[in-house]
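Overview (structure and organization)
Below are the chains, spelled out letter by letter.
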Amino acid sequence: MISPFDVLTEDDDLPRWDVPADLAAQYGGAIGFDEPCVVANFVESLDGVVAVPGLPRSHALLGDESEPDRFLMALLRACADAVVIGSGRLLSSPQGTWRADRVYPPAAEALADLRTRRGRSEHPLVAVVTAGGSFDPSHSVLESGVLVLTTQRAAADLRATVPEASDVVAVNDGDTVDLAAAVEVLRARGCSMILSEAGPTMFGSLVASGLVDELFLTLSPRLAGRAASARLGLVEGVELLPQTRVAGRLRSVRAHGSHLFLRYDLRSD
């Protein structure tokens, strides 16, 4: 197990759930959320890169293979009712399971205990948002039972290719998935705490739609650099300034070595 996080500052009024002592000791205290909520989690290089398209495991490399970052990822997954990803994240993580125990095995027992205390299933639901274009129907996670959220146009083709263990739901008409409607589908299935591990383009759409309540951002000491190839920042695919003001309210700052772990409230004032 890692050494405990250093808590540099944290708002006193943050929710605090009944968290197993081992997890609270590592994290530097309990964690909790005001539900229902949509929470996003990213790791960002020191120079502002969160993804490198075409580079497998780019998020892990950008995070400098940080064990504390993997612990936090596992903790958030253990808190979640659903983990939402896009088809791009599915492609870039060919071995991904989006399970808490797989990303940080040393805490597997305590993470399972947290879910038991909350009356949750063994693992959160994995939901993949896709319009069908870059979807990988052979990904192994689909064999474990995934919810595929898509459009009416793409639904029939996806149902013909995904394993029977997974469920395909047509959220709306059109060429793209209506993310607000996708969130409502998850809510109808009992998902109160939704964790987004999607990439920066889907995050941008979620933010622009006012759907993200909180952001956990790990700031890595590693520099990524930029040249001719595309390296993506936190919000892609939408322009917010100057028409739209979206600002985070800092609720918590933790440190572990040279990594900073930031928690922002993104709810509009």
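Look up a bit, the structure's there.
Residues numbered from 1 in each chain as written. Predicted model: local features only at pLDDT ≥ 70, side-chain atom pairs only at ≥ 80, totals over all residues. Heavy atoms only, no water.

Glancing now at the nonpolar core. Side chains of a nonpolar character, in soluble globular proteins, are inclined to be buried together. Ranked by size, the top nonpolar core spans 47 residues in total, and within it Leu23, Ile31 and Phe33 carry the most contacts. No other element matches helix H3 (residues 67-79), which puts eight residues into this core. Apart from the residues within four sequence positions on either side, Ile31 is in contact with Pro15, Arg16, Trp17, Val19, Leu75, Leu76, Cys79, Phe216 and Arg263. Among the nonpolar cores identified, the runner-up in size contains 34 residues, and Ala82, Ala182, Leu211 and Leu232 belong to it. (Core = buried A, V, L, I, M, F, W, Y, C linked by side-chain atoms within 4.5 Å. Buried < 20%, exposed > 50% of the residue type's maximum accessible area, 1.4 Å probe, protein only. Helix = DSSP H or I, 4+ residues; strand = E, 2+ residues; numbered from the N terminus. Contact = heavy atoms within 4.5 Å.)

Another aspect to go through is the side chain of Asp69. Counting through the fold element by element, Asp69 comes out in helix H3. We note that Asp69 is buried and unpaired, the nearest opposite charge coming from Arg70 at a distance of 7.4 Å. Among the polar contacts listed, one links the side chain of Asp69 to the side chain of Thr218, at a separation of 2.8 Å. Sequence-distant contacts of Asp69, that is, excluding residues within four places in its chain, are made with Val43, Thr218 and Phe261. (Lys, Arg positive; Asp, Glu negative; His and termini not counted. Salt bridge = Lys/Arg side-chain N within 4 Å of Asp/Glu carboxyl O. Polar contact = N/O pair within 3.5 Å; in protein donor to acceptor, adjacent residues only side chain to side chain.)

Further remarks concern the sheet that holds strand E5 (residues 147-151). Ordered by their spatial adjacency, ten strands build an open sheet running E1-E9-E10-E8-E2-E7-E3-E4-E5-E6, and the pairing between neighbours is mixed. Pairing within the sheet leaves two strands with one partner each, and these edge strands are strand E1 (6-10) and strand E6 (167-172). Strand-to-strand twist across the sheet, computed as the mean angle between neighbouring axes with direction ignored, equals 20 degrees. Sheet topology places E5 next to E6; five bridges connect them, and they run parallel. Bridging across to E6, Thr151 finds its partner in Asn172. (Pairing = 2+ DSSP bridges. Axes fitted to C-alpha atoms, helices over the stretch in contact; angles between N-to-C directions.)

Bringing the pairing of E5 into the picture now. Of all five residues in E5, five are buried, a share of seventy percent or more. By the bridge criterion, three bridges tie strand E4 (residues 125-129) to E5 in an arrangement that is parallel. If you follow Ala127 over to E5, its bridge partner there is Leu147. Read as a crossover between parallel neighbours, the route from E5 over helix H7 (residues 152-161) to E6 is right-handed. (Right-handed = clockwise from strand over helix to strand, strands pointing away.)

Using the criterion set out here, one finds seven aromatic pairs in the structure. Both rings, one in Phe42 and one in Phe203, keep their centres 5.1 Å apart while their planes meet at 65 degrees; by these two values the pair is edge-to-face. In this pair, Phe42 sits in strand E2 (residues 37-44) while Phe203 sits in helix H9 (residues 200-208), placing the two residues 161 residues apart along the sequence. For the pair Phe42 and Phe203, a shared accessibility class is recorded, and that class is buried. Taken together, the ring pairs in this structure connect Phe5, Tyr27, Phe71, Tyr104 and Phe261 into an aromatic cluster. One cation-aromatic arrangement involves Arg118 over Trp17; the distance from NZ or CZ to the ring centre is 3.6 Å. Sitting above the plane of the Tyr27 ring, Arg254 keeps its charged end 3.7 Å from the centroid. (Phe/Tyr/Trp six-rings, centres within 6.5 Å; stacked < 30°, edge-to-face > 60°. Lys NZ or Arg CZ within 6 Å of the ring centre and 35° of its normal.)

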